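Coordinate analysis (summary)
For reference, the chains in residue letters:
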Amino acid sequence: MATNPQLLVLAAFAQAMLTVVVLLVLGARRRTAYKAGKVGREAMLDDRVWPSFVLQASNNYKNQFEIPVLFYAVVATALAVKAATPLFVWLAWGFVAARIVHSICHCGSNRLPVRFVSFFTGVIAVTIMWAMLAAHVFSTGTI
């Protein structure tokens, strides 16, 4: 059976793989748009000329380097100070699940209510993870 630290690393791995999948989707969409003649070479210098289906994936890819950065940092720090409790691991996987839903929605239907709830769920999860990490560090004196 996997340990809490192993499950935490797997959650970070899953989030990283989501970023790679979004990048591959973005590349495929850009290629499709370019081959269909919807954009020319100028698209390589100006993101605003891409069709909306490409911009959705592009914006989602950029988004993978915003809140998820806080996730990677809290996971790495929690592993370093041995703060990977079962609840912490559940929150990590909840964050990843929320990010997957957010990406599917952002790159697909782009229904704002679903996108907002999934985004906000991830923000809440990572915020609680940081609060738990701070509580662990201050209660144990570990750094």
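Structure report, in brief. Here the structure is a predicted model, which means the values were calculated and not measured.

Proximity of charged atoms lets side chains of opposite charge pair with each other. A complete count under the given rule lists 3 salt bridges for this structure. Between R48 and D46 there is a salt bridge, and its shortest N-O distance comes to 2.9 Å. With a relative accessible area of 70%, R48 lands in the exposed category. Accessibility expressed as a relative area gives 22% for D46, which makes it partly exposed. A single network of salt bridges, built from pairs that share partners, joins R30, D47 and K62.

Another point: the packing of helix α1 (residues 4–35) against helix α2 (residues 52–63). Their axes nearest at 9 Å, the elements α1 and α2 cross at an angle of 155 degrees. Between α1 and α2, the crossing angle belongs to the class labelled roughly antiparallel. Two packed elements cross with a definite hand, and for α1 against α2 that hand is left-handed. Residues T19, V22, L23, V25, L26, R29, R30, T32 and A33 of α1 touch α2, and the partners they reach there are F53, V54, Q56, A57, S58, N60 and Y61. Along the lines of polarity and charge, the residues of the contact of α1 with α2 split into 9 nonpolar, 5 polar and 2 charged.

A few words now on the side chain of Q64. As for its position among the elements, Q64 is in the loop between α2 and α3 (67–80). Those residues within four positions of Q64 in sequence are excluded, and the remaining contacts are Q15, L18, T19, V22, R99 and S103.

Of all hydrophobic cores here, the largest spans 23 residues; its most connected members are L8, F71, V74, V75, F95, M129 and L133. Broken down by secondary-structure element, the contributors of at least two residues to this core are α1, α3, α4 (86–107) and α5 (112–140). The residues touching F71, leaving out its near neighbours within four places in the chain, are A11, A12, Q15, A92, F95, V96, V126 and M129. A33, W50, A57 and C107 belong to the second largest nonpolar core, which has 8 residues in total.

So, on to unusual backbone geometry. Trans peptide bonds make up the majority, and among non-glycine residues the majority have a negative phi. Non-glycine residue K82 carries a positive phi angle of around 55 degrees. Examined against the element boundaries, K82 turns out to sit in the loop between α3 and α4. For K82, a relative accessible area of 70% corresponds to the exposed category. The backbone of N110 shows a phi angle near 55 degrees, a positive value even though the residue is not glycine.

Its place among the elements puts S58 in helix α2. S58 sits in the buried class, given a relative accessible area of 2%. When sequence neighbours within four positions are dropped, the list of residues in contact with S58 reads L26, R30 and D47.

This part is about the packing of aromatic side chains. Evaluated as defined, the whole model comprises 4 aromatic pairs. Both rings, one in F71 and one in F95, keep their centres 4.5 Å apart while their planes meet at 15 degrees; by these two values the pair is stacked. Residue F71 is located in helix α3, and its partner F95 is located in helix α4; the two are separated by 24 residues in the primary sequence. The exposure classification of F71 matches that of F95, with both residues buried. One aromatic cluster is present, formed by F71, Y72 and F95 through successive ring pairs.

A separate point is α3. The end-to-end C-alpha separation of α3 is 20 Å, in line with the 20 Å expected for 14 residues at 1.5 Å each. Buried positions along α3 lie against α1, α2, α4 and α5.

About the criteria used
Residues numbered from 1 in each chain as written. Predicted model: local features only at pLDDT ≥ 70, side-chain atom pairs only at ≥ 80, totals over all residues. Heavy atoms only, no water. Salt bridge = Lys/Arg side-chain N within 4 Å of Asp/Glu carboxyl O. Buried < 20%, exposed > 50% of the residue type's maximum accessible area, 1.4 Å probe, protein only. Axes fitted to C-alpha atoms, helices over the stretch in contact; angles between N-to-C directions. Helix = DSSP H or I, 4+ residues; strand = E, 2+ residues; numbered from the N terminus. Parallel < 35°, antiparallel > 145°, perpendicular 65-115°, else oblique. Left-handed = near helix turned anticlockwise from the far one by under 90°. Contact = heavy atoms within 4.5 Å. Nonpolar A, V, L, I, M, F, W, Y, C, P; charged D, E, K, R; others polar. Core = buried A, V, L, I, M, F, W, Y, C linked by side-chain atoms within 4.5 Å. Phe/Tyr/Trp six-rings, centres within 6.5 Å; stacked < 30°, edge-to-face > 60°. Expected span 1.5 Å × (residues − 1).

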